[in-house]
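Architecture at a glance
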Amino acid sequence: IRMTNEPYFEFNGHKSIDKNLYLLNEMELTIPESDLRFDEVDGRQGAIIYDNEREKDIIKTFPMELRKEADKSLFQQVREITHWLKEPKRYSRLLFSEDSEYFYEGIFHSQVRILDRWRDHFDVALPFRCKPVMFRLDGQTAVSILSGRTLENPESIPSLPIIQFRYSGTADATLTINGRQFRILRAAGAGLITIDSELGTAYRDGIANISNAILIQSDGYHVPQLRSGNNTISFTTQITQFMITPRWRSMAI
């Protein structure tokens, strides 16, 4: 009988315990490394530091015990596990039961190496390459916003939301978030517009790429962000049915 309080991770539609994989011991916590460049200069003490203003991906390793299934060979089991973990070729949701309010975006692209060949159980380390931020599950739902309303970011770092609205196309429109204006040019065309801040793109009706008509402003290329704390959102009348998926996020550990 499986104990319900057994810790597990969930990835690509399956829980690790469903695959007879059990967490061996405590997870390592990894604080992301800042992407900095250090240039040594002759005659100067210390280096000149250039900050690329981003964090590097982290490797999150799950130390697991694979328990042998009675009706399968070890090779069958490992083949199934490898297929399950390697199938997504993009960052996918990785959830750890001990921290159920957040999930990682990770990809499994390593070899599976089996250690300690006992008869009925085997040690295996499963490393995932993860984005340096964790996402809150409660920030994954789209919420409807009326112009002039505020939305509170409960985390200490800005989020990169998905914004969706109908645009009439009758005149240029303006979307304002915390005083930063995004001008939507008539060239964007009437229809359902989606701005994905994380990808840095904007689409009309899910296909036409209209990023240039929205994200290029007089002071350069910008994407909407929701800063920590209150965010005031307003827009002109050409914009209706405004929905935002805030994607609250925290620094990964």
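Before reading further, recall that the structure is shown in the block above.
Keep in mind it's a predicted model, so treat the numbers as computed, not measured. Residue numbers here run from 1 along each chain, matching the order of that chain's written sequence. Only residues with pLDDT of at least 70 get local features here, since the model is predicted, and only at 80 or more are side-chain atom pairs given and counted; chain-wide, interface and lining totals rely on the full set of residues. As a convention, hydrogens and water are excluded, and side-chain values are obtained from all of the structure's heavy atoms.

Regarding the sheet that holds strand 13 (residues 149-153)
Between any two strands, pairing holds if DSSP finds at least two bridges. Secondary structure elements follow DSSP: runs of H or I of four or more residues count as helices, runs of E of two or more count as strands, with numbering from the N terminus. The strand order across the open sheet formed by 4 strands is 13-22-15-16, and the pairing between neighbours is antiparallel. Each having just a single partner strand, strand 13 and strand 16 (180-184) make up the two edges of the open sheet. Looking at each pair of strands side by side, their axes are set apart by 20° on average, direction ignored. Where strand 13 meets strand 22 (residues 229-235), 5 bridges bridge the pair, whose relative direction is antiparallel. Note on strand 22: the bridge partner recorded for L151 is N231. Geometry is summarised by axes, namely lines fitted to C-alpha atoms with helices restricted to the contacting stretch, and by angles between N-to-C directions that run from 0 to 180 degrees.

A look at the pairing of strand 22
Where strand 15 (residues 173-177) meets strand 22, 3 bridges bridge the pair, whose relative direction is antiparallel. When the bridges of strand 22 are listed, I177 appears paired with I233.

What about the side chain of S159?
When you line up the elements, S159 lands in the loop between strand 13 and strand 14 (162-167). Look at S159 and you get buried, because its relative accessible area is 0%. Here a polar contact means two N or O atoms within 3.5 Å. Within protein one must be a hydrogen donor candidate and the other an acceptor candidate, and residues neighboring in sequence count only if both atoms are side-chain atoms. For S159, the side chain forms a polar contact with the main-chain oxygen of P246, separated by 2.8 Å. Only heavy atoms matter for contacts: two residues are in contact if any of them lie within 4.5 Å across the pair. When near neighbours in sequence (up to four residues on either side) are disregarded, S159 contacts N153, P224, Q225, L226, P246, R247, W248 and R249. The buried label applies to any residue whose accessible area, calculated with a 1.4 Å probe on protein chains only, is under 20% of its type's maximum; exposed applies above 50%, and partly exposed to all values in between.

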